[in-house]
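Remarks on the overall topology
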2 protein chains.
Amino acid sequence: MKKIAVIVAGGSGTRMNTQLPKQFLLLNGKPVLYYTIHAFLQSYKDLQIILVLPDEYIAAGQEIIDAYFNYNRIKITGGGRTRFHSVQNGLQQITEDSIIFVHDGVRCLLSTELIKRCHDAALEHGSAIPVIDCKDSVRLLRGEENEAVERSNIKLVQTPQTFHSKILLPAFKIDFKDKFTDEATVVEAFGLKVHLVEGEENNIKITKLTDLLIAEKLLE
Amino acid sequence: MKKIAVIVAGGSGTRMNTQLPKQFLLLNGKPVLYYTIHAFLQSYKDLQIILVLPDEYIAAGQEIIDAYFNYNRIKITGGGRTRFHSVQNGLQQITEDSIIFVHDGVRCLLSTELIKRCHDAALEHGSAIPVIDCKDSVRLLRGEENEAVERSNIKLVQTPQTFHSKILLPAFKIDFKDKFTDEATVVEAFGLKVHLVEGEENNIKITKLTDLLIAEKLLE
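Scoring rules and cut-offs
Residues numbered from 1 in each chain as written. Chains lettered and ligands numbered in written order. Predicted model: local features only at pLDDT ≥ 70, side-chain atom pairs only at ≥ 80, totals over all residues. Heavy atoms only, no water. Helix = DSSP H or I, 4+ residues; strand = E, 2+ residues; numbered from the N terminus. Buried < 20%, exposed > 50% of the residue type's maximum accessible area, 1.4 Å probe, protein only. Polar contact = N/O pair within 3.5 Å; in protein donor to acceptor, adjacent residues only side chain to side chain. Core = buried A, V, L, I, M, F, W, Y, C linked by side-chain atoms within 4.5 Å. Contact = heavy atoms within 4.5 Å. Salt bridge = Lys/Arg side-chain N within 4 Å of Asp/Glu carboxyl O. 1 Å grid on protein atoms, 1.4 Å probe; cavity = no way out; pocket = protein on both sides within 12 Å on 5 of 7 lines; lining within 4 Å. Points joined across faces, edges and corners; volume = space filled by probe spheres on them. Nonpolar A, V, L, I, M, F, W, Y, C, P; charged D, E, K, R; others polar. Buried area = accessible area lost by both parts, 1.4 Å probe. Pairing = 2+ DSSP bridges.

This paragraph deals with the side chain of Gln-158 of chain B. Residues and elements named next belong to chain B. Tracing the backbone through its elements, the reader meets Gln-158 in the loop between strand 10 (154-157) and strand 11 (161-164). Look at Gln-158 and you get buried, because its relative accessible area is 3%. Among the polar contacts listed, one links the side chain of Gln-158 to the backbone oxygen of Glu-200, at a separation of 2.7 Å. Among the polar contacts listed, one links the side chain of Gln-158 to the side chain of Asn-203, at a separation of 3.0 Å.

And the structure:
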């Protein structure tokens, strides 16, 4: 079956106080997005990438592809108003049966093992959502009150959130709701359960300058 | 009112694959525990510290105090079987009315501002639990099933968990339960609510070697 990674790099970088969106910042001399694309391309020879970028950064994305990859396994498409709309735009390019990975462009340290684990689980269960344990105690707010939650029941969600196209494509025809924070919540709103797989501690999201420093250390 | 920080450094460091417990590892040339103690000593001139260490590391702890601090605002006492028992040992030293900070020895990057914020809130509300937002989507396991939790309702809990002695001392006379992951859960089991305050992103817990590298970057 075809394998397609929809890499969403829609953010305009406002949280980092930098001009450049964080997916274009340099990590050991190469853009964050380089590492993300590279991880997917090397995981499967027949995997294709749909890169979703804000319209004003499509040219910058094309430059990265030309500089480092220089072949046609990667398509670029414009982003939307929210992450949901960006993913929706990316999915419009997909017509064939496939395993679809939806991945945050700024999670650039994922391993080939994680990509393969998600692929295999999505092939078997229809979906694969990578999660990790939470190291901290957790509290749940309920109005003015708050209560402890049993930490072992809490999982932190990562990407690539991976699905069979027969699930993801119809699910994304749904109307947008604010509660859609990721693809799993969209699929659930569509009426299906999602299957969890083990994520990776190092699969961090680069949202602040400190995260970039951390990523540098992790690359060592 | 008196101010007392119970710094719990009971871990024997098994997760780090190092001989030395993580609170003794060097961060820019000084032990992790040095930074933690220093943060509390400099926050209030009249604050005293009770340092709870595994029995076999009391001598090592005393060496740090002698090397860097060299005065008698710090007492050391032996740890217990669990964190609960270690804190209980530390609290046995306290008899007067006080604001008590219970703090993870390996959270060595907390700021004076956080210590003061916890103090002031505990003075007003009886308790102050520092929490931060969760950056990731969150799922709650329910048996075989799992469901999305509204991320804005989830808070990650840090230390110093700060209380008026009139609350914390009687609460810790309770029998130990496995669900006690922190002091807030003990106080709740005693029948009281806890008050949340804003924590700090940089107030990380050093539990792995990578965390030590991250801490080095954050100190820069």
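So much for the structure itself; the text now carries on.
Let us now look at the nonpolar core. Leu-33, Ile-37, Phe-40, Ile-49, Leu-51 and Phe-101 of chain A are the most contacted members of the largest nonpolar core, which has 43 residues in total. For this core, the secondary-structure elements that each account for two or more residues are strand 1 (2-8), helix 1 (32-43), strand 4 (47-53), helix 2 (58-69), strand 6 (98-104), helix 4 (112-125) and helix 7 (209-219) of chain A. Element by element, the count of residues in this core is highest for helix 1 of chain A, at eight residues. Not counting residues within four places of it along the chain, the set of residues in contact with Leu-33 of chain A comprises Ile-7, Ala-9, Gln-23, Phe-24, Leu-51, Leu-53, Ile-64 and Gly-105 of chain A. Of all hydrophobic cores here, the second largest spans 40 residues; its members include Phe-24, Leu-25, Leu-41 and Leu-109 of chain B.

Right, let's get into the pattern of salt bridges. All names here are of chain A. In this structure the tally under the stated criterion is 30 salt bridges over all chains. Between Asp-46 and Lys-3 there is a salt bridge, and its shortest N-O distance comes to 2.9 Å. On the criterion of sequence distance, the pair formed by Asp-46 in the loop between helix 1 and strand 4 and Lys-3 in strand 1 is long-range, its members being 43 residues apart. With a relative accessible area of 43%, Asp-46 lands in the partly exposed category. On the basis of relative accessible area, Lys-3 is assigned to the buried category, the value being 10%.

Moving on: unusual backbone geometry. Residues and elements named next belong to chain A. For the bond running from Thr-159 to Pro-160, omega is 10 degrees, close enough to zero to count as cis. Within the element layout of this structure, Pro-160 appears in the loop between strand 10 (154-157) and strand 11 (161-164). Although it is not a glycine, Asn-28 adopts a positive phi angle of roughly 50 degrees. With respect to the secondary-structure elements, Asn-28 resides in the loop between strand 2 (26-27) and strand 3 (30-31).

In total, this model carries two cavities of 30 Å³ or more according to the counting rule given. Empty space within the largest cavity amounts to approximately 930 Å³. Lining the largest cavity are 37 residues, with Lys-135 and Ile-204 of chain A together with Lys-135, Asp-136 and Ile-204 of chain B positioned closest to its centre. When contributions to the lining of the largest cavity are tallied by element, the ones reaching two or more residues are strand 7 (127-133), strand 10 and helix 7 of chain A together with strand 7 (127-133) and helix 7 (209-219) of chain B. Looking at the lining of the largest cavity, its residues break down into 13 nonpolar, eight polar and 16 charged.

Once that is clear, we can look at the interface of chain A and chain B. Listed by partner, the interface residues are 40 residues for chain A and 40 residues for chain B. Carbon and sulfur atoms supply 55% of the area buried between chain A and chain B, which totals about 3500 Å² over both sides. When the buried area of chain A at its contact with chain B is split by residue, Arg-139, Leu-141 and Lys-217 of chain A rank highest and sum to 19% of it. At the junction of chain A and chain B, the tally comes to ten salt bridges. Residue Arg-107 of chain A is joined to Asp-136 of chain B by a salt bridge in which the shortest nitrogen-to-oxygen separation is 3.2 Å. Our count for the contact surface shared by chain A and chain B stands at 19 residue pairs in polar contact (both at pLDDT 80 or more). In terms of residues, the side of chain A that touches chain B owes the most to one element, helix 7 of chain A, which gives seven residues. Pairing of strand 10 of chain A with strand 8 (residues 137-142) of chain B, which is carried by four bridges, proceeds in the antiparallel orientation. Bridge pairing links Ile-154 of chain A to Leu-140 of chain B in strand 8 of chain B.

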